Amino acid sequence: MEMMDLLKLLGILIVIIGFALKLDSILIIVVAAVVTAIVSGLGVEGLLETFGESFVSNRSMAIFILIMLVTGTLERNGLKNAAAALIGRFKRASAGMVVGAYGIMRGIFAAFNVSFGGVAGFVRPIIMPMIDGAIKAQGHEPNEDHVEELKGMASGMENIAWFFCQVLFVGGAGGLLVQSTLEPLGYHVELIDLALVEIPIGIFALIVGIVYYFLRDKKLTKKYYGTEK
């Protein structure tokens, strides 16, 4: 592989190093994109042109960019502190309860095909500070290993709620995929029927996820902090 081909991978290296150092994720992605465009000969003008073509062909990208900008602006103006202070008012709220409550809310909005930006746009800037505040409200100083476990739990709940509840939206991508797959096999199904069948499955998946993460958090709380205060 020639040197120029290796330089084109510089953006990937920037992303790896940036996330390893826990730097601002939005800044890392932007820098990696700009550097990749420059070293590959695309240039800033070509990068902007590529973004423009992407917006035209896939307008949902515009929503993604807006979410990043809004999230970054809110974080700079104290979003994390506000989220932590809010949950801190509920002295009995545990981190597991926060994850479970988010799962219920996420599932309800997913049924209407409403996205909050996923892990990067909502879990990281809002849910994780609330989890941090819940730990402090119980009289503990957040343990780094415990927080890392909770990051995975919150992200897992995001995936469970979105995966099993988005197909409840009639005309959503999930339902259309199932319908188009069954049609050539000789099974004609209506989207409303698919949604009705999925309701008990979505509820069951949420309940299992909530109970599992709640019990896991209780076990981790005893492990890292001993008897709850």
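As shown above, the structure is provided for reference.
The model shown is predicted, which means the values in this text are computed figures rather than measured ones.

### A look at the overall build of the protein
In terms of helices and strands, the protein carries 11 helices and zero strands. Each helix (α) and strand (β) of the protein, taken in turn from the N terminus, gives the series α-α-α-α-α-α-α-α-α-α-α. Of all 229 residues assigned to the protein, the portion counted as buried reaches 34%. Contacts in the protein between residues at least 24 apart in sequence constitute 72% of all its contacts with a sequence separation of at least 6. Summed over all atoms, the accessible surface of the protein reaches about 14100 Å², with 69% contributed by carbon and sulfur.

### Description of the environment of Leu27
Here Leu27 lies in helix H3 (residues 25–39). Given the relative accessible area of 53%, Leu27 is considered exposed. Considered as a pair, Leu27 and Val15 are 12 residues apart in the sequence and their alpha carbons are 9.8 Å apart.

### Quick look at the pattern of salt bridges
The full count for this structure, using the stated rule, is four salt bridges. Where Lys151 meets Glu148, a salt bridge forms, and the shortest distance between an N and an O atom there is 3.1 Å. With Lys151 and Glu148 both in helix H9 (residues 144–165) and three residues apart, this pair spans about one turn of that helix. By relative accessible area, Lys151 is classed as partly exposed at 35%. Among the salt bridges present, the one from Glu149 reaches Arg216, with a minimum N-O distance of 3.0 Å. One end of the pair, Glu149, is in helix H9; the other, Arg216, is in helix H11 (residues 191–225), with 67 residues separating them in the sequence. With relative accessibility at 27%, the residue Arg216 sits in the partly exposed group.

### Description of a nonpolar patch on the surface
On the surface, Val170, Ile192, Leu196, Ile199, Ile203, Ile207, Val211 and Leu215 cluster together to form a nonpolar patch covering roughly 710 Å² of accessible area. Mapped onto the elements, Val211 comes out in helix H11.

### Here's the deal with the side chain of His146
Within the element layout of this structure, His146 appears in helix H9. For His146, the side chain forms a polar contact with the side chain of Asp217, separated by 3.1 Å. Other than its neighbours up to four places away in sequence, His146 contacts Ile135, Asp217, Leu220, Thr221, Tyr224 and Tyr225.

### What to know about the environment of Arg92
Mapped onto the elements of the fold, Arg92 is located in the loop between helix H6 (79–88) and helix H7 (95–110). Remark: the alpha-carbon pair of Arg92 and Ile135, spanning 43 residues in sequence, is separated by 9.8 Å. For Arg92, the contacting residues outside a window of four places in its chain are Met97 and Gln138.

### Side note on the packing of helix H2 (residues 10–20) against H3
Relative orientation of the contacting elements H2 and H3 amounts to 160°, with a least axis distance of 8 Å. In this view, H2 runs roughly antiparallel relative to H3, as classed from their interaxial angle. Crossing angle aside, the handedness with which H2 passes H3 is right-handed. Of the residues in H3, those in contact with Leu10, Gly11, Ile14, Val15, Gly18 and Phe19 of H2 are Ser25, Ile28, Val31, Ala32, Val35, Thr36 and Val39. Here the contact of H2 with H3 is composed, by residue class, of nine nonpolar, four polar and no charged.

### Details of the nonpolar core
One finds Ile127, Met128, Ile131 and Leu150 to be the most contacted residues of the largest nonpolar core, which totals 26 residues. Contributions of two or more residues to this core are made by H7, helix H8 (118–137), H9 and H11. Among the elements that make up this core, the one with the highest residue count is H8 (nine residues). Here Leu150 is in contact with Ala95, Met128, Ile131, Ile135 and Asp217, once residues within four sequence places are set aside.

Criteria and thresholds
- Residues numbered from 1 in each chain as written.
- Predicted model: local features only at pLDDT ≥ 70, side-chain atom pairs only at ≥ 80, totals over all residues.
- Heavy atoms only, no water.
- Helix = DSSP H or I, 4+ residues; strand = E, 2+ residues; numbered from the N terminus.
- Buried < 20%, exposed > 50% of the residue type's maximum accessible area, 1.4 Å probe, protein only.
- Contact = heavy atoms within 4.5 Å.
- Areas by Shrake-Rupley, 256 points an atom, 1.4 Å probe, with all protein chains shown as cover.
- Salt bridge = Lys/Arg side-chain N within 4 Å of Asp/Glu carboxyl O.
- Patch = residues over 30% accessible without salt bridge, like charges linked within 9 Å, V, L, I, M, F, W, Y side chains within 5 Å.
- Polar contact = N/O pair within 3.5 Å; in protein donor to acceptor, adjacent residues only side chain to side chain.
- Axes fitted to C-alpha atoms, helices over the stretch in contact; angles between N-to-C directions.
- Parallel < 35°, antiparallel > 145°, perpendicular 65-115°, else oblique.
- Left-handed = near helix turned anticlockwise from the far one by under 90°.
- Nonpolar A, V, L, I, M, F, W, Y, C, P; charged D, E, K, R; others polar.
- Core = buried A, V, L, I, M, F, W, Y, C linked by side-chain atoms within 4.5 Å.

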